[in-house]
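Fold and contact review
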Amino acid sequence: MYRLGIDVGGTNTDAIILDEEHQVVSFVKRHTSLDVGSGIEAALSAVLDDSGIDPKQINAVMLGTTQITNAIVERKKIAKVGVLRLAYPATLSIKPFTYWPQDLVEKLGGLYAVVPGGYEYDGQILSELDEEAVKKQLAEWQGQVESVAVIGAFSSLKTDQEARVAALVHEAYGNEFPVTQSAEIGSIGLIQRENASILNAGLFKVIATTITGFKQALADKGVANADLYLTQNDGTLMTSEFAQRFPILTIGSGPTNSIRGAAYLAGKDDAIVVDIGGTTTDLGVLKNGFPRESAIAVEVGGVATNFRMPDILSIGLGGGSIVRVQPDGSVTVGPDSVGYEITEKALCFGGDTLTATDIAVRMGLADVGDKAKVYGVSQEVAEAGLAEIKHMIEVAIDKMKTSADDIEIILVGGGAIIAPDHLAGVAKVIAPEKGGVANAIGASISQISGTVDRIYPYTKIDREEALKQAEVEAGEHAKTAGALPDTLSVVEREEIPLAYDPNQSTRVKIKVVGELA
């Protein structure tokens, strides 16, 4: 049996087939299309034709997609959301949608209500849940909303009120009506958790369309016996059913796929990964084989959120980055790019736009296109362009380092050909043979994960019991997402005491991973 991995980037869509030993059978790279779907179909057709295997022998398909990110950035196909915050009257000073981009609020509908409910930081009741107020609000919203986001104060400590409101929504609107409970999305921090939950609730139509279209493309190509998984932003997988509940978890999955693929190809568990694509260069840190998680609030589409995201630094540098000679003679690279049109617009392919790839060809770093077509680029401009590319990469690496020592980096991505051989602050550059499709490989070899982020008062619950409880819950999440129960293991455990709390309240974060079922 085989695995098929597909990763959709801004410039290229990569597809790869692995056998049962995770050995590469075939891989292809095709340009991402404007409609995304036809680019996926082209890559799918090419990798199946190249491998020569029977499509019915593929039993698992992994998709890394930018559709959710694009929907937020482009404000397209977003559902109307009703926001129910359980925290009246304590949180009225900052209402839902505060500091949101107005055009995004309009797409989501801007409907919200703050009703009695919620908890204090130590687990005591802030307000008893007012079920009648919830029912009244749902009656007013009838026909105006397509999904509901429920956010309770400190619901990451106790989830019962959010669960009860979700049940009331289903009673009012039907069992299949989409409901997002914030305790399943983010951690502590009401506003950022609320923001992430609202975005998640607004994305259910996009993810449903993406999954339906991809399943149809697979069926058309004869891939009839495969389970479909989507990559999420912690470097692991989730079932398509799980993804439909939590579409926001696919945001940031592209860079994490590359990081995981780089780790696999290089045989490294700890390193800095530099993934150069056609439009951007993404840098991430490998920690125990998984991407390091960001410790700060992450903005998504101009909105501050606090759900887990990889610690990724992106700069506007890629193989398609446009190179310009400025009036003062200096040379700039990017941040704009010709993107998926590189084979039409770059000089080495017969176009009329000077790109970073042309600089690499002119300086002898790459052998693509027609070398003769870049001979018109002067040595002076080529050297200045390469120096700027080198400087941009070095500065980015320096920002990701945690010490002044020279470090190893793993260089991957289709645009890796533009990187110079020697970089300041780098002791060794590891460039795996199949690094150009590290993203698709990362998607294919990923495991299933489950994560819990809760607050436990250690004066009221024994520490060992709390940790065991969190581990069991994280394991249940992993099994729901598609992991084999007997393969589960804890890969991350973190305890953060809350200062000055007499109950010794501690934030516990546990991550469990397991093999694909």
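Structure report, in brief. (Residues numbered from 1 in each chain as written. Predicted model: local features only at pLDDT ≥ 70, side-chain atom pairs only at ≥ 80, totals over all residues. Heavy atoms only, no water.)

**Here's the deal with the pattern of salt bridges**
Enumeration over the complete set of coordinates arrives at 17 salt bridges. Ionic pairing is found between Arg-193 and Glu-162, a salt bridge with its closest N-O pair at 4.0 Å. Residue Arg-193 is found in helix H6 (residues 190-202), and its partner Glu-162 is found in helix H5 (residues 160-173); the two are separated by 31 residues along the sequence. Of the two residues, Arg-193 and Glu-162, neither departs from the other in class, the shared state being buried. Salt-bridge contacts for Arg-245 lead to Glu-184; the nearest nitrogen and oxygen are separated by 3.3 Å. Linking Arg-245 in helix H8 (residues 240-245) with Glu-184 in the loop between strand S8 (179-181) and H6, this pair joins segments that are 61 residues apart in sequence. (Salt bridge = Lys/Arg side-chain N within 4 Å of Asp/Glu carboxyl O. Helix = DSSP H or I, 4+ residues; strand = E, 2+ residues; numbered from the N terminus. Buried < 20%, exposed > 50% of the residue type's maximum accessible area, 1.4 Å probe, protein only.)

**A look at the packing of aromatic side chains**
Each aromatic ring pair is described using two quantities: the centre-to-centre distance and the angle formed by the ring planes. Counted under the stated rule, the structure contains four aromatic pairs. With 5.2 Å between their ring centres and 75° between their planes, Phe-97 and Trp-100 make a pair best called edge-to-face. Across the pair, Trp-100 and Phe-97 agree in class, each one buried. Where Tyr-173 meets Phe-177, the ring centres are 4.7 Å apart and the plane angle is 55°; that geometry is what we call tilted. No difference in accessibility class separates Tyr-173 from Phe-177, as the two residues are buried. (Phe/Tyr/Trp six-rings, centres within 6.5 Å; stacked < 30°, edge-to-face > 60°.)

**Digging into the pairing of strand S4 (residues 58-64)**
Residues in a regular strand project their side chains so that they alternate between the two faces of the sheet. The buried fraction of S4 is high, at six of seven residues. Pairing of strand S1 (residues 2-8) with S4 involves six bridges; the strand directions are parallel. For Tyr-2, the partnering residue across the bridge sits in S4 and is Ile-58. For S4 and strand S9 (residues 227-231), the ladder comprises four bridges, and the chain directions are parallel. (Pairing = 2+ DSSP bridges.)

**Topic: the environment of Asn-195**
Among the structural elements, Asn-195 can be located in helix H6. Here the alpha-carbon distance between Asn-195 and Val-83, two residues 112 residues apart in the chain, equals 10.0 Å. Residues in contact with Asn-195, not counting those within four places in the same chain, are Trp-100, Val-303, Ala-304 and Thr-305. (Contact = heavy atoms within 4.5 Å.)

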